[in-house]
Amino acid sequence: QVQLVESGGGLVQPGGSLRLSCAASGFLFSMNVMGWYRQAPGKQRELVAMITSGGSSNFADSVKGRFTISRGDAKNTVYLQMNSLKPEDTAVYYCNAVFVRTDWGRRDEYWGQGTQVTVSS
């Protein structure tokens, strides 16, 4: 059974930093894409950042220049470094992982349970 375990959320003052970690266990292959989504109260879940197994990344416009994403040395780990945090970054952050093998006709997607990030003075 595949599990995505997140850590690193918490309460931080505006302008502060947090680092989120996510590790996927129970999966034999390397995920093609790993990333982070967030959902604020009353809003839809939105993509924050994603990174491919080849190292290509993509960011939401609202976090460009403030957040970075990286894959860990261990298989199927991903990190989100969040700097210059703003109150509008407050949300539950979810780790996401996708495995695709088109020649197998296979696409698997997994989600973590979420970690709360609160930016407030």
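This text gives an overview of the structure that appears in the document. It should be emphasised that the depicted structure is a prediction, and the values quoted were computed from it without experimental measurement. (Residues numbered from 1 in each chain as written. Predicted model: local features only at pLDDT ≥ 70, side-chain atom pairs only at ≥ 80, totals over all residues. Heavy atoms only, no water.)

Another point: the overall build of the protein chain. What the protein chain contains, in helices and strands, is 0 helices and 11 strands. Beginning at the N terminus, the succession of helices and strands in the protein chain can be written as β-β-β-β-β-β-β-β-β-β-β. Here the C-alpha radius of gyration of the protein chain, 14 Å, is about what a compact globule of 121 residues would show, namely 14 Å. Each principal axis of the C-alpha atoms in the protein chain carries an extent, and together these give about 50 × 25 × 25 Å. With 121 residues in all, the protein chain has 40% of them scored as buried. Long-range pairs, those at least 24 residues apart, make up 56% of the contacts in the protein chain between residues at least 6 apart in sequence. For the protein chain, the accessible area works out to roughly 6600 Å², and carbon and sulfur atoms hold 46% of it. Both charge centroids of the protein chain, one from 12 positive and one from 9 negative side chains, sit 1 Å from each other. (Helix = DSSP H or I, 4+ residues; strand = E, 2+ residues; numbered from the N terminus. Rg over C-alpha atoms; globule rule 2.2 N^0.38 Å. Buried < 20%, exposed > 50% of the residue type's maximum accessible area, 1.4 Å probe, protein only. Contact = heavy atoms within 4.5 Å. Areas by Shrake-Rupley, 256 points an atom, 1.4 Å probe, with all protein chains shown as cover. Lys, Arg positive; Asp, Glu negative; His and termini not counted. Charge placed at Lys NZ, Arg CZ, Asp CG, Glu CD.)

Turning to the packing of aromatic side chains, a few remarks are in order. Evaluated as defined, the whole model comprises 7 aromatic pairs. Residues F27 and F99 carry aromatic rings whose centres are separated by 5.2 Å and whose planes lie at 70° to one another, so their mutual orientation is edge-to-face. With F27 in the loop between β3 (18-25) and β4 (33-39) and F99 in strand β9 (residues 91-101), this residue pair connects regions lying 72 residues apart in the sequence. Here F27 and F99 have matching classes, each one buried. Chaining the aromatic ring pairs together yields one cluster made of F27, F29, F99, W104 and Y110. (Phe/Tyr/Trp six-rings, centres within 6.5 Å; stacked < 30°, edge-to-face > 60°.)

Below, the discussion takes up the nonpolar core. Ranked by internal contacts, the top residues of the largest apolar core, which has 31 residues, are W36, F67, L80, M82 and Y93. When residues of this core are traced back to their parent elements, those giving at least two are β3, β4, β5 (46-52), β7 (67-71), β8 (77-82), β9 and β11 (115-119). Examining the composition of this core, we find that 5 residues originate from one element, β9, more than from any other. Sequence-distant contacts of Y93, that is, excluding residues within four places in its chain, are made with E6, L20, W36, Y37, R38, V48, F67, L80, M82, G114, T115 and V117. (Core = buried A, V, L, I, M, F, W, Y, C linked by side-chain atoms within 4.5 Å.)

We now examine the side chain of D108. With respect to the helices, strands and loops of the structure, D108 is situated in strand β10 (residues 106-111). By relative accessible area, which is 16% here, D108 ends up buried. Those residues in contact with D108 that lie beyond four places of it in its chain are F27, A97, V98 and F99.

The next subject is the pattern of salt bridges. Going through the model one piece at a time under the given rule, you end up with 7 salt bridges. Across the pair E46 and R38 runs a salt bridge whose closest N-O atoms are separated by 2.7 Å. We classify E46 as partly exposed; its relative accessible area is 36%. By relative accessible area, R38 is classed as buried at 6%. Among the charged side chains, a network of salt bridges with common partners joins R38, E46, R66 and D89. (Salt bridge = Lys/Arg side-chain N within 4 Å of Asp/Glu carboxyl O.)

Attention shifts here to the sheet that holds strand β1 (residues 3-7). With antiparallel pairing, the 4 strands of this open sheet are ordered in space as β1-β3-β8-β7. Each edge of the sheet is formed by a strand with only one pairing partner; in this case those strands are β1 and β7. Between one strand and the next, the sheet's axes are offset by a mean angle of 15°, whatever the strand orientation. Where β1 and β3 come together, 5 bridges link them in antiparallel fashion. Along β3, the bridge assignment pairs L4 with A24. (Pairing = 2+ DSSP bridges. Axes fitted to C-alpha atoms, helices over the stretch in contact; angles between N-to-C directions.)

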